[in-house]
Amino acid sequence: MTTPLESAEPAVQAAGPADERPTSRGTLQYALSKAGGALFSIAMVLVGTFFVFRLLPGDPVRNLAQGRNMTPDQLDLERRRLGLDKPLIDQFLNFVGDTLRLDLGTSYEYKRPVIDLIGERIGPTLLLTGTGLVIAVSLGIWQGTRAGWRHGSRFDRVSTGVSLLLWSVPTFWLGLLLMMVFGVGIGPIPSLFPFRGIESVDAPDGFGYVLDVASHMVLPCLTLVAVVYAQYLMVMRSSLLEEVSQDYVTVARAKGLRDDEVRRRHAVPNALLPTVTLVFMRIGFVVGGAVTVEYIYTWPGLGQLFYRAIEVPDFTLMQGTFMLITVSVIVMNTLADVVYHLLDPRVRSA
Amino acid sequence: MTSVAMARRRLALSRFWAEFRHHRAGVAGLVILLAAVLLALVAPLFIDESVTNVVEAPGEKWDGPSLSFPFGTDESGRSILLMIWWGSRTSLLIGFLAAVLSIVIGLVVGVAAGHFRGWTNGVLMRVTDWFLVLPSLVTALVLAAILGGSTFTVIMAIAVTSWPSTARLIRAQTLAVEARPYIERSKALGAGHWHITTRHVLPNVAPLLLASTTLEVASAIVTESTLAFLGVTSNKTSWGTMLRASYDFGAADQGAWWYILIPGLAILVVVMAFTLVGRALEAVLNPRLRRAA
């Protein structure tokens, strides 16, 4: 796994002017070593996936055929078609080659290539999690800043309490509650928002369609935001608390800057750093949330596809979606490390 | 252990308790937690498996809260109160065992990495970091789906995906402990790896372990209920499977709010209790937090 690293080393050396600016060279090297680590992790995911999915109790062909009646000849044919008659090492190499060519096999449930299914489902998921993340991050940072700056105030106590509560709430239960109250409607509350799927059957075209999708997105998005924003709030709050007692904040105040200028121009930019990394670091958590939220609201995304794969169970589909989710989480985490390195001079000089 | 050491430990314990008592939220959490565990333990004295029996259901289906059914009934007329009570055994058992297993893995890996340093540390931390980035719920779902959702495999799936943060914490603590002079003295007197890790490192990381185990139980209970809700566990009644049934049978459409609200509240209360106790323990044990508070 060191190959990409080694081959890139001379390029770093040859980049003459970069040598004079040790920081940028350091960053490049750092980024490359992180990328090497990520490639190693991804390779481990491939190895892990291959072996875990072959731990399946029983005969894989029978599992895949799901109890349909098949003659021994048919089973044999199927086994040969899947390459299961070859030695394990050949199977592994085939698996790696196919995966690298993005050939993730054919889903038994949908009778279509897994990669096509993923392609169809990725849009809705990105829309939902993307919107949810943007709202959760802005809300978390805003409230965290307010809570941390006025440490011990009523706002601080209330928002910390609420986020502790949300932290303990299982995502799926919150989804069920919101669906019951605002989707189905309860008592005097009418049905306010649609809660099944991404669009209505009779959805209008053009701008009307956008509104239709947006209204379908309200409840799933709200669920996702509620469980995710709490942790951004807590991190923003505690990292702001650390900054408040620093000398430079005292200096800024002594200069006679107004309170919110000290906060906006001095304390918040520094406190933002750990929060930014956390946004990326907790992507895995958001993905997990997306699986349950998409299941509850039958949102036609990757999470729901993954859920279907588990429910059936459709092992090819499960394997494909699992690898995709895991690899994207690893990539995100690596990006977070590199971005943090770029943003924070203290880490760079260390 | 000599009586001097015993007396010292007893003193430390009483000091610890005196400190803990000041955290009102922590004490409240502890009371709830003990009550929940006690109730789960004595449940077989009052009720048995039959409360989850669909055929002998005592009430009408979708009955709202009443005197005979304080939390209403479900889709086949079973009492939700009794099912919550009976189901608490599964939820708490899996939560505890998964947390303990996860902590044990984290402890062994963390102490080994911190104690042996060198390449052991390198390899172990590499593995830990790899597990740390894996999306834990997704991985646990895959494991439970592949290995079949028996109680044992669900415990395994939760533990395998949740140990890395403990390992990192314990490793850091081990490094800090082993930097102290008395470890050097101990080595000079001929102490081996086993003696140092079990007699010196372990007692020093034990309080920290207590705090993280408590927090770990909370998240294990949430994970178990999520796995059960998504249907990868066996159909043994737990709070998660109850919520799954409420979703499958359309409790929201039936207006059966109690069926959705109550099992979730049960999870929430227990998880909150564990979280409060865990945070109070952390606050007592971590001098940095203590000063801040």
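Residues numbered from 1 in each chain as written. Chains lettered and ligands numbered in written order. Predicted model: local features only at pLDDT ≥ 70, side-chain atom pairs only at ≥ 80, totals over all residues.

K.L.:
Just to check I follow, could you spell out the overall build of chain A for this structure?
P.N.:
Each helix and strand in chain A was counted, giving 16 helices and 0 strands. Counting every position in chain A, which comprises 350 residues, the buried fraction comes to 33%. Summarising the internal contacts of chain A: among those between residues at least 6 apart in sequence, 71% fall at separations of at least 24. (Helix = DSSP H or I, 4+ residues; strand = E, 2+ residues; numbered from the N terminus. Buried ≥ 20, exposed ≤ 12 C-beta atoms within 10 Å, placed from the backbone. Contact = placed C-beta atoms within 7 Å.)

K.L.:
Quick question: what am I supposed to make of the overall build of chain B here?
P.N.:
Secondary structure assignment for chain B yields 13 helices and 0 strands. Its helices and strands taken in sequence order, chain B reads α-α-α-α-α-α-α-α-α-α-α-α-α from the N to the C terminus. The 293 residues of chain B split such that 46% are buried. Excluding contacts between residues fewer than 6 apart, the proportion of contacts in chain B whose partners are at least 24 apart in sequence is 71%.

K.L.:
Looking at this structure, how should I read the UniProt feature "transmembrane region" (unreviewed entry) in chain A?
P.N.:
All names here are of chain A. As annotated in UniProt, the feature "transmembrane region" (unreviewed entry) corresponds to residues 35–56, 122–142, 162–186, 206–230, 271–297 and 317–343 in the numbering used here. Regarding residues 206–230, the helix share stands at 96% and the strand share at 0%, and the terminal C-alpha atoms are separated by 35 Å. Within residues 271–297, the helical portion is 93% and the strand portion 0%, while the C-alpha atoms at the span's ends are 36 Å from each other. (UniProt positions renumbered as here; feature names shortened; annotations may be inferred.)

K.L.:
What am I meant to see in helix α3 (residues 80–116) of chain B here?
P.N.:
Because an α-helix completes one turn every 3.6 residues, residues spaced three or four positions apart along the sequence face the same direction. Residue and element names in this part refer to chain B. Helix length check: α3 (37 residues) gives 52 Å between terminal C-alpha atoms against 54 Å at 1.5 Å per residue, within 8%. Maximum bend of α3: about 30°, positioned at G87. Looking one or two residues past α3, R117 carries a phi angle of roughly 50°, positive in sign. (Expected span 1.5 Å × (residues − 1). Bend = angle between axes of the 7 residues up to and from the residue.)

K.L.:
What is the right way to read the nonpolar core from this model?
P.N.:
A general feature of soluble globular proteins is that nonpolar side chains tend to end up buried together. Of all hydrophobic cores here, the largest spans 147 residues; its most connected members are A:L176, B:L141 and B:A144. Of all the elements, helix α12 (residues 257–285) of chain B adds the most residues to this core, at 18 residues. Excluding anything up to four places from it in sequence, B:A144 contacts B:G149, B:T153, B:V154, B:A157, B:L227, B:V232 and B:T233. (Core = buried A, V, L, I, M, F, W, Y, C linked by C-beta atoms within 7 Å.)

K.L.:
Explanation requested: helix α11 (residues 247–254) of chain A in the structure shown.
P.N.:
Burial analysis of α11(A) places just 0 of its 8 residues in the buried class, which makes it a mostly uncovered element. A:G256, located one to two residues past α11(A), shows a positive phi value of around 95°.

K.L.:
I'm lost on the environment of B:R279 in this one. Help?
P.N.:
Residues and elements named next belong to chain B. Mapped onto the secondary structure, R279 falls in helix α12. Assessed through the 19 C-beta atoms surrounding it within 10 Å, R279 is described here as partly exposed. The spacing of R279 and H23 is 256 residues in sequence and 9.5 Å in space, taken between C-alpha atoms.

K.L.:
Mind showing me how you'd approach the interface of chain B and chain A here?
P.N.:
How large an interface is tends to be reported as the accessible area lost when its parts come together. On the side of chain A, 35 residues touch chain B, which itself brings 33 residues to the contact. Only α4 (118–133), α5 (136–147), α9 (193–229), α10 (239–248), α11 (251–254) and α12 of chain B provide two or more residues apiece to the side of chain B that touches chain A. Among the elements that make up the side of chain B that touches chain A, the one with the highest residue count is α12(B) (8 residues). The residue inventory of the side of chain B that touches chain A, partitioned by class, reads 24 nonpolar, 8 polar and 1 charged. (Nonpolar A, V, L, I, M, F, W, Y, C, P; charged D, E, K, R; others polar.)

K.L.:
Even after reading the chapter, I still don't get the UniProt feature "domain: ABC transmembrane type-1" (unreviewed entry) in chain A, so can you show me in this structure?
P.N.:
Mapped onto this numbering, the UniProt entry annotates "domain: ABC transmembrane type-1" (unreviewed entry) at residues 122–336 of chain A. Structurally, residues 122–336 of chain A is divided into 80% helix and 0% strand, and its ends, taken at the C-alpha atoms, are 22 Å apart.

K.L.:
Help me understand the UniProt feature "domain: ABC transmembrane type-1" (unreviewed entry) in chain B, please; the structure alone is not making it clear to me.
P.N.:
Annotation from UniProt places "domain: ABC transmembrane type-1" (unreviewed entry) at residues 88–278 of chain B. Secondary structure across residues 88–278 of chain B comprises 86% helix and 0% strand; the distance between its end C-alpha atoms is 20 Å.

K.L.:
Quick question: what am I supposed to make of the confidence of the model for chain B here?
P.N.:
Residues shown with low pLDDT carry predicted positions that ought not to be read at fine detail. In the predicted model, chain B carries a mean pLDDT of 87, and the fraction of residues at 70 or more is 97%. The ipTM, which scores confidence in the relative placement of chains, is 0.87 for this predicted complex, and the corresponding pTM is 0.86. (pLDDT = per-residue confidence, 0-100.)

K.L.:
I'm lost on the UniProt feature "transmembrane region" (unreviewed entry) in chain B in this one. Help?
P.N.:
UniProt marks residues 25–47, 92–118, 130–159 and 256–281 of chain B with the feature "transmembrane region" (unreviewed entry), using the numbering shown here. Secondary structure over residues 25–47 of chain B splits into 96% helix and 0% strand, and the C-alpha atoms at its two ends are 32 Å apart.

K.L.:
Looking at this structure, how should I read unusual backbone geometry?
P.N.:
Most peptide bonds adopt trans geometry, and most residues besides glycine take a negative phi value. All names here are of chain A. Positive phi outside glycine occurs at L102, with the angle close to 60°. Here L102 shows up in the loop between α6 (88–100) and α7 (114–149). Positioned with a positive phi, K111 is a non-glycine residue whose angle comes to about 55°. Mapping K111 onto the fold places it in the loop between α6 and α7.

K.L.:
Explain the packing of α3(B) against helix α6 (residues 151–162) of chain B to me, please; I cannot follow it from the model alone.
P.N.:
Each pair of packed helices can be described by the angle between their axes along with the distance between the axes. Residues and elements named next belong to chain B. Orientation of α3 relative to α6, taken along the N-to-C sense of each, is 45°, at an axis distance of 8 Å. Between α3 and α6, the interaxial angle falls into the category oblique. Seen from above, α3 lies across α6 with right-handed handedness. Each of I94, L97, A98, L101, S102 and I105 in α3 lies in contact with α6, whose residues at this interface are T151, V154, I155, I158, A159 and S162. (Axes fitted to C-alpha atoms, helices over the stretch in contact; angles between N-to-C directions. Parallel < 35°, antiparallel > 145°, perpendicular 65-115°, else oblique. Left-handed = near helix turned anticlockwise from the far one by under 90°.)

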